[in-house]
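Chain by chain, the residues:
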Amino acid sequence: MKFVDFIGTGTTSYDDWGHGTHVAGIIAGNGYDSYGARTGVAPHATLVALKALDREGKGRISSIIAALDWAVANKTAYNIRVINMSLGAGVFESYNPDPLTLAAKRAVDAGIVVVAAAGNSGRDAAG
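Source: prediction; values computed, not measured.

What counts and what doesn't
- Residues numbered from 1 in each chain as written.
- Predicted model: local features only at pLDDT ≥ 70, side-chain atom pairs only at ≥ 80, totals over all residues.
- Heavy atoms only, no water.
- Axes fitted to C-alpha atoms, helices over the stretch in contact; angles between N-to-C directions.
- Helix = DSSP H or I, 4+ residues; strand = E, 2+ residues; numbered from the N terminus.
- Parallel < 35°, antiparallel > 145°, perpendicular 65-115°, else oblique.
- Contact = heavy atoms within 4.5 Å.
- Nonpolar A, V, L, I, M, F, W, Y, C, P; charged D, E, K, R; others polar.
- Buried < 20%, exposed > 50% of the residue type's maximum accessible area, 1.4 Å probe, protein only.
- Pairing = 2+ DSSP bridges.
- Right-handed = clockwise from strand over helix to strand, strands pointing away.
- Core = buried A, V, L, I, M, F, W, Y, C linked by side-chain atoms within 4.5 Å.

**So, the packing of helix H2 (residues 61-73) against helix H4 (residues 99-109)**
Turning to step 1, where the next piece is worked out: In the contact formed by H2 and H4, the axes pass within 9 Å of each other and the chain directions differ by 10 degrees. Relative to H4, H2 is oriented roughly parallel. Where H2 approaches H4, its residues Ile61, Ile64, Ile65, Leu68, Asp69 and Val72 are matched on the opposing element by Pro99, Leu100, Ala103, Ala104, Arg106 and Ala107.
Turning to step 2, where the next piece is worked out: The residue makeup of the contact of H2 with H4, split by class, is 10 nonpolar, no polar and two charged.

**Comments concerning unusual backbone geometry**
Turning to step 1, where the next piece is worked out: Here the phi dihedral of Tyr35 falls at roughly 55 degrees; this positive angle occurs in a residue that is not glycine.
Turning to step 2, where the next piece is worked out: Among the secondary structure elements, Tyr35 is positioned in the loop between helix H1 (19-28) and strand E2 (48-51).
Turning to step 3, where the next piece is worked out: With relative accessibility at 82%, the residue Tyr35 sits in the exposed group.

**Looking at the pairing of strand E4 (residues 113-116)**
Turning to step 1, where the next piece is worked out: The pairing of strand E3 (residues 82-85) with E4 spans four bridges and is parallel. By the bridge assignment, Val82 is partnered in E4 with Val113.
Turning to step 2, where the next piece is worked out: In this region the chain leaves E3, passes through H4 and returns to the parallel neighbour E4; the handedness of that crossover is right-handed.

**Let's talk about the environment of His22**
Turning to step 1, where the next piece is worked out: Of note, His22 is situated in helix H1.
Turning to step 2, where the next piece is worked out: Put simply, His22 and Asp124 are 102 residues apart on the chain and 28 Å apart in space, counted from C-alpha to C-alpha.

**Thoughts on the nonpolar core**
Turning to step 1, where the next piece is worked out: Core analysis: the largest hydrophobic core is formed by 14 residues, its most contacted members being Ile64, Leu68, Ile80, Ile83, Met85, Leu100 and Ile112.
Turning to step 2, where the next piece is worked out: Elements that contribute at least two residues to this core include exactly H2, E3 and H4.
Turning to step 3, where the next piece is worked out: By residue number, the principal contributor to this core is H2, which donates five residues.
Turning to step 4, where the next piece is worked out: Beyond its immediate chain neighbours, meaning those up to four positions away, Ile83 contacts Leu68, Ala71, Ala107, Ile112, Val113, Val114 and Val115.

Dropping the structure here:
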């Protein structure tokens with residue numbers, strides 16, 4: 001597994017919030033604790049962990065964009081075919097000029113499938 005830390009100076013993998021490990025298990029869990037009965041959706045996947053959020057699950061959009069751009073630049077070296085982004089952010093502008101949307105589009109244009117969480121807040125009365 002490859003690990004890149006976009007928020008600190010970590011050189012070995014760590015997950016001080018826990019959400020990344022949880023999602024990684026859903027994706028690539030090998031079913032060890034259930035003797036193979038319950039595996040992840042892609043149990044033979046090789047993970048590349050790109051840490052862009054801190055120990056409270058917070059971070060900067062610029063760190064997420066840097067991680068997306070790193071994935072595009074290293075797509076061939078690490079056989080990156082899917083990016084999962086389980087995070088949320090407020091919507092303050094159209095998706096057309098949004099820097100995070102544009103970074104995700106660069107990944108898609110490079111042939112990487114980008115999966116993004118829809119968020120937990122839903123829509124309010126104003127949409």
